[in-house]
Amino acid sequence: MGEHVLPGNPPIQLTLRHSARARRISLRVSSLDGRVTLTLPPGVRESEALAFARDKEGWLRTHLASHPGTLDVRHGTELPVEGRPLVIAAGTGRSVRAEAGRLLVPGAEADCAARLRGWLRALARTRLAQASDRYAAVLGRPYAGLAVRDTRSRWGSCSARGTLSYSWRLVMAPPEVLDYVAAHEVAHLEEMNHSRAFWAVVERLHGPFDGPRRWLRRNGPTLHRYRF
């Protein structure tokens, strides 16, 4: 892995990645955070790959212009919590609290992002544990453990041992979306696949789920734009 800047207005940060599996030079713009990755197959020099990136600069800037971009979490940032947009502001006391359309964060502004990340993780764990417990009880199958992480590739997973893992960023989505993901992962305790039988279990646990599933497909990437 390496870094390079493509000059221009604005300059474009490129992450260079060498891949033994790649057959050709490729450029990828992440739908989550707009990160640009330039992949090099074996035997290709960096100068050749960078020339390829320069040739594709117009395409690259068009894609980046359509990306919502990242948002640094600080005072004044509007941040969704359980589907409600709240404006981050300075608070007093020891705890983060939501009040009158604001998210009040005590302490120095330099610590705001870290405090909010910890608060959101804790809130996510509580909500996901509640939902997972509820669905596991209906299913009649206990899960082995529960973890929350900042995963980029998936919203949840269920291991062969029955451990449920979730992205804590789900707590920023509307509650019905978080509930759907919990039902989805708990359903894997019975069906470790995505067969028709699996989706029947999800519907038995959650009820109709097209709405929250569609929301996640359309809006899920925006939850990754907030940089803590």
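Nothing here was measured: the structure is a model prediction, and the numbers come from that model.

**Details of the packing of helix H3 (residues 112-139) against helix H5 (residues 196-206)**
Geometry of a packed helix pair, given as the angle between the helix axes and the separation of the axes. Contact geometry of H3 with H5 gives a least axis separation of 10 Å together with a crossing angle of 110°. If you check the angle between H3 and H5, you find them roughly perpendicular. In this structure, H3 meets H5 at a crossing whose hand is right-handed. Judged by residue contacts, Tyr 135, Val 138 and Leu 139 of H3 engage Val 201, Arg 204, Leu 205 and His 206 from H5. Grouping the constituent residues of the contact of H3 with H5 by class yields five nonpolar, one polar and one charged.

**Notes on the layout of surface pockets**
Computed from the structure, the largest pocket encloses a volume of approximately 600 Å³. Taken together, 26 residues make up the lining of the largest pocket; nearest its centre are Asp 33, Gly 34, Arg 35, Thr 70 and Arg 227. Sorting the residues of the lining of the largest pocket by element identifies strand S2 (12-18), helix H2 (57-66) and strand S13 (226-227) as the ones contributing at least two each. Partitioning the lining of the largest pocket into residue classes produces nine nonpolar, eight polar and nine charged. The volume enclosed by the second largest pocket comes to roughly 470 Å³. If you trace the second largest pocket, you find 21 residues lining it, with Arg 154, Trp 155, Gly 156, His 184 and Leu 216 closest to the centre. Among the elements of the structure, strand S11 (156-158), helix H4 (175-187) and helix H6 (210-219) are those that each provide at least two residues to the lining of the second largest pocket. In the lining of the second largest pocket, the residues fall into seven nonpolar, nine polar and five charged.

Definitions and limits used
Residues numbered from 1 in each chain as written. Predicted model: local features only at pLDDT ≥ 70, side-chain atom pairs only at ≥ 80, totals over all residues. Heavy atoms only, no water. Axes fitted to C-alpha atoms, helices over the stretch in contact; angles between N-to-C directions. Helix = DSSP H or I, 4+ residues; strand = E, 2+ residues; numbered from the N terminus. Parallel < 35°, antiparallel > 145°, perpendicular 65-115°, else oblique. Left-handed = near helix turned anticlockwise from the far one by under 90°. Contact = heavy atoms within 4.5 Å. Nonpolar A, V, L, I, M, F, W, Y, C, P; charged D, E, K, R; others polar. 1 Å grid on protein atoms, 1.4 Å probe; cavity = no way out; pocket = protein on both sides within 12 Å on 5 of 7 lines; lining within 4 Å. Points joined across faces, edges and corners; volume = space filled by probe spheres on them.

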